[in-house]
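In case you want the letters, here they are:
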Amino acid sequence: MIPRTSPELMAVARGDRPADLVFTNARVVNVFTRSIEQTNVAVFGGRVSGVSHHKIDAKQHINLDGRYLAPGLIDAHMHVESTMMMPRHFVSVASPHGTTGVVFDPHEIANVLGMPGIRFLMDASKNLPMNTLFTASSCVPSSAFETSGASLHADDLAPLFDDDRVVALAEMMNFPGVFLGDQAVLSRVKLGLERALVDGHCPGLTGASLGAYVAAGIGSDHECTTAQEAQEKLALGMQIFIREGSAARNIEALVSAVTPENASRFCFCTDDRHPGDLHRQGHIDHAIRKAVWCGLDPITALAMGSLHAADHYRLPDLGAIAPGRQADLIVFDDLFDIRPTSVYFRGEHIAEHGKMLNRLDDADYDLDDSIARGSVRIDPSFNAESLRIEAQADSDLIRVIKADPHQLITGEQHMRPTIAGGHLVADPSRDMLKIAVIARHGASSGVGLGFVTGFGFTGGALASTVGHDAHNLAVVGSNDQDMTIAVRTLQESGGGQCVVVSGEVKALLPLPIAGLISDQDAPSVIAQQDALLAGVREIGCPMEDPFMPLSFLPLPVIPKLKLTDLGLVDVEQQRIVPLYVNENDGPKPTA
């Protein structure tokens, strides 16, 4: 791509030499003025060389016949590992939906493999037809209440900022460490502020604690679940990323907080998006459509999906159709139902009607992935007895995690246990299933045990080596035998997700790259996930995709009750809590 200061670009912009390409009769979405302009757009050397109502000389002319032309879309924050695809396969699915830029936080693979994992994903993202940017993972591990495969400190992260693709310190999830003044945590924040900026993660934080968090210099948040929460953070100067992923879907709750006066302080992100959802529903284009359906002005929605993210990350080359900016463009027909028909990256036509025009062939991809394999190392002594929970006589109430299929926040419910043979057992008749989180990085033999409600199936087990953020192995089931088989299945496959019923593996999605990512192409991963979810329906689980909420039940930085390999974690109190409770301790018991 030609530099912005190239004399050749200046010559084309002046009209002294022809452009490479000109779009004529276009309805151009101007995200600066929030208007539609019937005009022509010229491209030279991968950049916009001019926007004019006058005729522009060019080697190629494309008559849009009044169709809309808008800047390419940018996801302000996501984990590519959650797509379960390598970056090139993610691009093959996301690009046809109009995504031309994405900010990856590789902290999922970092929690498994540390700095080599981050470097691996950064290497895998080179030379793709997308602006693949990165943030330096700030919380590896996310907290002291889990055992991860690696630990990264400020000195470890500092060299990442020498790569110009690294645009920020990634989401600072240890928000208590920030507002309580933990020096190790603040040293990472200081690094981010000195080298770039710092993104945040502070679900439900309010009042003086939120003020202290913002005072440290943290500039964004993607964890808002109510308009009131977004407005409080917005008023303190935070950039709000409205998240619409596969697990957390916040547009309906937050879009009312966007006004003409504050819209520039909002972006879109997906955070975690599964491959089938990407393929069938879309990416940031899906978020924009949904926001418009919820009443948001479509031009504002497009600006939130492009310019606002570019501005937040100080990327003046991206996010708009203007002279000198990258020619990352989408063409579509309906302003109130935005579905890209053509996508251009740096002036190159890369996708048309939902399909890539050039395959990202494996033959052109030379990357050694051996460092990322063999990451599932369960303690050899693990067996069905490792899942047993002895009954105690001094209490008749237990803490139960209350899962929500559409939010990362969980509840705490107190229920009477079911006892068989002196042990606590799952009781599907009350939607109370057993859950275990098993250390899988070879550094610990820990097994956290508890119960969960919300999954709703009556027999079998679901297991996953995707367990945010330490990515230990999480398994939920109706009986210890199926749960044990599920654990062993994932160990033997090098990671993944599976469904087990009556001792039989009904479906398996292998994820041999760090236990998080497939080594297959996008159609294969989508087909395997479809088969996995068919297995879920076979066991009667009412959740559309229970693996997404399952993967977040071990995350000890989002309220309220979670389970890690170290035990049950009360996130709000920041402490490990026992399974048993007293009659007068908290919510009323259920039957």
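All values derive from a computational prediction rather than experimental measurement.

How each quantity is defined
- Residues numbered from 1 in each chain as written.
- Predicted model: local features only at pLDDT ≥ 70, side-chain atom pairs only at ≥ 80, totals over all residues.
- Heavy atoms only, no water.
- Pairing = 2+ DSSP bridges.
- Helix = DSSP H or I, 4+ residues; strand = E, 2+ residues; numbered from the N terminus.
- Buried < 20%, exposed > 50% of the residue type's maximum accessible area, 1.4 Å probe, protein only.
- Phe/Tyr/Trp six-rings, centres within 6.5 Å; stacked < 30°, edge-to-face > 60°.
- Lys, Arg positive; Asp, Glu negative; His and termini not counted.
- Salt bridge = Lys/Arg side-chain N within 4 Å of Asp/Glu carboxyl O.
- Contact = heavy atoms within 4.5 Å.
- Arc of directions from axis to C-beta.

Now, about the sheet that holds strand E21 (residues 418-420): what can you tell me, with residues and values included?
Spatially, the 3 strands line up as an open sheet ordered E18-E22-E21, and their pairing is antiparallel. The sheet is open, and its two edges are formed by strand E18 (389-390) and E21, each paired on a single side. In this sheet, strand E22 (residues 423-425) lies alongside E21 in antiparallel orientation, the contact comprising 3 bridges. Residue pairing across strands places alanine 420 opposite histidine 423, the latter belonging to E22.

Tell me about unusual backbone geometry, residues and numbers included.
Peptide bonds are mostly trans, and most non-glycine residues show a negative phi. With an omega of 0 degrees, the peptide bond between valine 140 and proline 141 qualifies as cis. Topologically, proline 141 is positioned in the loop between strand E8 (131-136) and helix H5 (154-157). Here the residue pair proline 559 and lysine 560 is connected by a cis peptide bond, since its omega of 0 degrees sits within 30 degrees of zero. Tracing the backbone through its elements, the reader meets lysine 560 in the loop between helix H17 (547-552) and strand E29 (561-564). A positive phi angle is found at aspartate 65, which is not glycine, with a value near 50 degrees. Tracing the backbone through its elements, the reader meets aspartate 65 in the loop between strand E4 (58-63) and strand E5 (68-71). The exposure class assigned to aspartate 65 is exposed, which follows from its relative accessible area of 61%.

So what about the packing of aromatic side chains? Which residues, and what values?
Taken as a whole, this structure holds 5 aromatic pairs when the rule is applied. Look at phenylalanine 104 and phenylalanine 134: their rings are 5.6 Å apart centre to centre, the planes differ by 70 degrees, and that puts the pair in the edge-to-face class. Remark: phenylalanine 134 occurs in strand E8 and phenylalanine 104 occurs in strand E7 (residues 99-104); sequence separation between them is 30 residues. The exposure class of phenylalanine 104 is buried, given its relative accessible area of 1%. Within the aromatic cluster, the residues linked to one another by ring pairs are Phe90, Phe104 and Phe134.

Lay out the side chain of aspartate 75 in plain terms, naming residues and giving numbers.
Note that aspartate 75 resides in strand E6 (residues 73-78). At 7.7 Å, arginine 273 is the nearest oppositely charged side chain to aspartate 75, a buried residue that forms no salt bridge. If we ignore the near neighbours within four places in the chain, the residues touching aspartate 75 are Gly101, Val102, Val103, Phe268, Cys269, Thr270, His283 and Ile284.

I'd like a description of the pairing of strand E19 (residues 397-402), backed by residues and values.
Most of E19 is tucked away, with 5 of its 6 residues classed as buried. By the bridge criterion, 2 bridges tie E19 to strand E32 (residues 580-581) in an arrangement that is antiparallel. Paired with isoleucine 398 across the bridge in E32 is tyrosine 580. Inspection of the sheet shows E19 paired to strand E24 (residues 447-453) by 2 bridges, in the parallel sense. In the sheet register, isoleucine 401 faces E24, and the bridge partner there is valine 452.

Account for the pairing of strand E9 (residues 166-172), naming residues and giving values.
The buried fraction of E9 amounts to 7 of the 7 residues, a majority that puts the element mostly inside the structure. Strand direction decides the pairing type here: E8 and E9, joined by 3 bridges, are parallel. Residue pairing across strands places phenylalanine 134 opposite valine 166, the latter belonging to E9. Sheet topology note: the E9/strand E10 (residues 198-200) ladder contains 2 bridges and is parallel. Bridge assignment links methionine 172 to a residue of E10, and that residue is glycine 200.

Describe in detail helix H8 (residues 207-215), supporting the description with residues and values.
Buried within H8 we find Leu210, Tyr213 and Val214. Buried residues of H8, seen end-on, are gathered within an arc of 95 degrees and therefore sit on one face of the element. Exposed residues pointing more than 90 degrees away from the buried face of H8 are listed as Ala208 and Ala215. Downstream of H8 by one or two residues, glycine 217 has phi in the positive range, about 105 degrees.

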